[in-house]
Amino acid sequence: MPQFQPATAPIRTGLIGFGTSGRVFHSPLLAANPDFSLDLIVTRDPARLNAATTRYPQARLVPTVEDLFAAADDLDLVVIGSPSATHVELANAALDAGLAVVVDKPFAVKPWEGRDLIEKARRLGLLLTVFQNRRWDGDFLTLRALLAEGALGEVRRFESRFEWWKPEQTKSWKVGATIQQGGGVLFDLGAHLIDQALQLFGPVDDVYAETLTRRPGGAADDDTFVALHHGSGVRSHLWMNGIAAQVGPRFRVLGSESGYTKWGLDGQETALAAGASPTDPDFGVDPESAWGMLGRDGALTRVPTERGAYGAFYSGLADALLRGGPVPVDPEDALRVINVIERVNLLTH
């Protein structure tokens, strides 16, 4: 098997896609980290092309992935922020070009595709990781710390939600994407919720789910509930819903000694979309009014939310590429998420 070959800074990076993934998440996180240079962006949409040119004048803008791979000798890393159905094909092409790869979630649509990618990257001695940025949500970091210190006692039930009210789908590729193409809220939001549950409570031995399509003419699910029984004994209840007229708490965790409830979504995505930088002094800071509550009814205390840190993904990636450290997200973890999604789809379709 080929040995690890460290890159040199700055890590020359090509970004595929400048929609929400590329524009809101990847490009500002890359730009904020001096270990990376954003050298090439693939987009053909005129509005996105103009936005990318304005924000990153040093980057070369190309309309096709073929243009990117023709310039592979000038790159070290490819970040794939394109529609879900293209992830596996593009990741394979990037590995064939000898490049390290970041794949947006969902990692793959089918488990065997993800397994083949992992084995290929291992065989070629190339880095492969998956952008599970929600591992660095401030509320998730806070909950993880509370569990580590035993603040809840023995955890019995974990409730987690991504819910909001957006009755009209505005992202064109998501409107028509079927489940077979990685469309639907389970592949989108569920990839985060399931990953967080597995990170906290370990492997799953039983799955129950309800997947519904509420929007008229919808191609895939937009209102989904997943229940997981972990081998550790914890039961996870996960809701993902883009048309919730009233939302529930982001987290509600019940243990033998205490509980933890947190309302509201982590604010990093909203801040990045508004033009904030991860280097801003208040980036990732949760206002005190949004802190979660720890304890039992009648004896609740506010718990400061740990600072959110999406930039930690790329800090970890730089350490992996430059110094041989671990990847920020093991693709085997992402494959476990896809395996759970596959079980849900087999149950419900």
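Since the structure is predicted, the reported quantities are computational estimates derived from the model, not experimental observations.

Looking at the overall build of the chain
Counting secondary structure elements, the chain contains 12 helices and 14 strands. Here the C-alpha atoms of the chain give a radius of gyration of 20 Å, agreeing with the 20 Å that 2.2 N^0.38 yields for 349 residues. Each of the three principal axes of the chain carries a C-alpha extent, and together these read 60 × 45 × 45 Å. A buried classification covers 52% of the 349 residues belonging to the chain. Intrachain contacts of the chain at a sequence separation of at least 6 include 72% that bridge at least 24 residues. On the chain, roughly 15,500 Å² of surface is accessible, and the fraction owed to carbon and sulfur atoms is 51%. Taken as two groups, the 33 positive and 43 negative side-chain charges of the chain have centres that lie 2 Å from each other.

So, the environment of arginine 296
The residue arginine 296 is located in strand β13 (residues 292-296) in this model. In sequence terms arginine 296 and threonine 86 are 210 residues apart; their C-alpha atoms lie 47 Å from each other. Leaving out residues up to four positions away in the same chain, arginine 296 has contacts with Glu257 and Ser258. A distance of 2.6 Å separates a polar side-chain atom of arginine 296 from the backbone oxygen of glutamate 257.

Brief notes about helix α9 (residues 190-201)
Helical periodicity: at 3.6 residues per turn, an α-helix aligns residues three or four positions apart in one direction. In this model α9 runs 16 Å from its N-terminal to its C-terminal C-alpha over 12 residues, within 8% of the 16 Å that 1.5 Å per residue would give. For α9, the buried fraction is high: 11 of the 12 residues fall into the buried class. Residues of α9 that are buried include every one of Gly190, Ala191, His192, Leu193, Ile194, Asp195, Gln196, Ala197, Leu198, Leu200 and Phe201, and no others. Downstream of α9 by one or two residues, glycine 202 has phi in the positive range, about 85°.

Focus: the side chain of threonine 64
Relative to the helices and strands, threonine 64 resides in the loop between β3 (60-62) and α3 (65-70). On the basis of relative accessible area, threonine 64 is assigned to the buried category, the value being 19%. A polar atom in the side chain of threonine 64 sits 2.8 Å from the side chain of aspartate 67. Discounting residues that sit within four places of it in the chain, threonine 64 has contacts with Val42 and Arg44.

Notes on empty space enclosed by the protein
Applying the stated criterion across every chain, the model contains 1 cavity of 30 Å³ or more. Roughly 30 Å³ of volume is contained in the largest cavity. Within the lining of the largest cavity, the residues separate by chemical class into 7 nonpolar, 1 polar and 1 charged.

Things to note about the pairing of β13
Bridging between strand β12 (residues 259-262) and β13 involves 3 bridges; their strand directions are antiparallel. In the sheet register, glycine 259 faces β13, and the bridge partner there is glycine 295. Between β13 and strand β14 (residues 299-303), which pair antiparallel in sequence order, lie 2 residues; one of them, glycine 298, sits at a positive phi of approximately 95°.

Some points on the pattern of salt bridges
This model, assessed by the stated rule, comprises 18 salt bridges. Between glutamate 342 and lysine 110 there is a salt bridge whose closest N-O contact spans 3.3 Å. One end of the pair, glutamate 342, is in helix α12 (residues 331-348); the other, lysine 110, is in the loop between β5 (100-104) and α5 (111-124), and 232 residues separate them in sequence. For glutamate 342, a relative accessible area of 18% puts it in the buried group. As a salt-bridge pair, aspartate 286 and lysine 262 come within 3.3 Å of each other at their nearest N and O atoms. Here aspartate 286, found in the loop between α10 (268-273) and β13, pairs with lysine 262, found in strand β12; they are 24 residues apart in sequence, far enough to count as distant. Note on lysine 262: relative accessible area 2%, which makes it buried. Members of the salt-bridge network, linked through shared partners, are Arg135, Asp195, Asp333 and Arg336.

Some words on the packing of aromatic side chains
A complete count under the given rule lists 12 aromatic pairs for this structure. We note arginine 161 situated over the ring of tryptophan 239; from NZ or CZ to the ring centre the distance is 3.9 Å. Over the ring of phenylalanine 251 we find arginine 250; its NZ or CZ atom is 4.2 Å from the centre of that ring.

Things to note about the sheet that holds β14
Judged by pairing direction, the sheet is mixed, and its 8 strands sit side by side in the order β8-β9-β10-β7-β11-β12-β13-β14 without closing on themselves. At either end of the open sheet lies a strand with only one pairing partner, and these are β8 (204-212) and β14. Across this sheet, the average inter-strand angle for adjacent strands is 15°, counted without regard to direction. Sitting on the sheet, α12 is in contact with β8 and β9 (223-230), with an inclination near 55° to β8.

Points about the nonpolar core
Counting residues in hydrophobic clusters, the biggest one holds 98 residues, and the most contacted among them are Phe107, Phe158, Leu238, Tyr314 and Leu317. Once you skip the residues sitting within four places of it in the chain, leucine 238 turns out to touch Phe158, Ser160, Leu193, Ile194, Ala197, Thr224, Phe225, Val226 and Leu228.

How each quantity is defined
Residues numbered from 1 in each chain as written. Predicted model: local features only at pLDDT ≥ 70, side-chain atom pairs only at ≥ 80, totals over all residues. Heavy atoms only, no water. Helix = DSSP H or I, 4+ residues; strand = E, 2+ residues; numbered from the N terminus. Rg over C-alpha atoms; globule rule 2.2 N^0.38 Å. Buried < 20%, exposed > 50% of the residue type's maximum accessible area, 1.4 Å probe, protein only. Contact = heavy atoms within 4.5 Å. Areas by Shrake-Rupley, 256 points an atom, 1.4 Å probe, with all protein chains shown as cover. Lys, Arg positive; Asp, Glu negative; His and termini not counted. Charge placed at Lys NZ, Arg CZ, Asp CG, Glu CD. Polar contact = N/O pair within 3.5 Å; in protein donor to acceptor, adjacent residues only side chain to side chain. Expected span 1.5 Å × (residues − 1). 1 Å grid on protein atoms, 1.4 Å probe; cavity = no way out; pocket = protein on both sides within 12 Å on 5 of 7 lines; lining within 4 Å. Points joined across faces, edges and corners; volume = space filled by probe spheres on them. Nonpolar A, V, L, I, M, F, W, Y, C, P; charged D, E, K, R; others polar. Pairing = 2+ DSSP bridges. Salt bridge = Lys/Arg side-chain N within 4 Å of Asp/Glu carboxyl O. Phe/Tyr/Trp six-rings, centres within 6.5 Å; stacked < 30°, edge-to-face > 60°. Lys NZ or Arg CZ within 6 Å of the ring centre and 35° of its normal. Axes fitted to C-alpha atoms, helices over the stretch in contact; angles between N-to-C directions. Core = buried A, V, L, I, M, F, W, Y, C linked by side-chain atoms within 4.5 Å.

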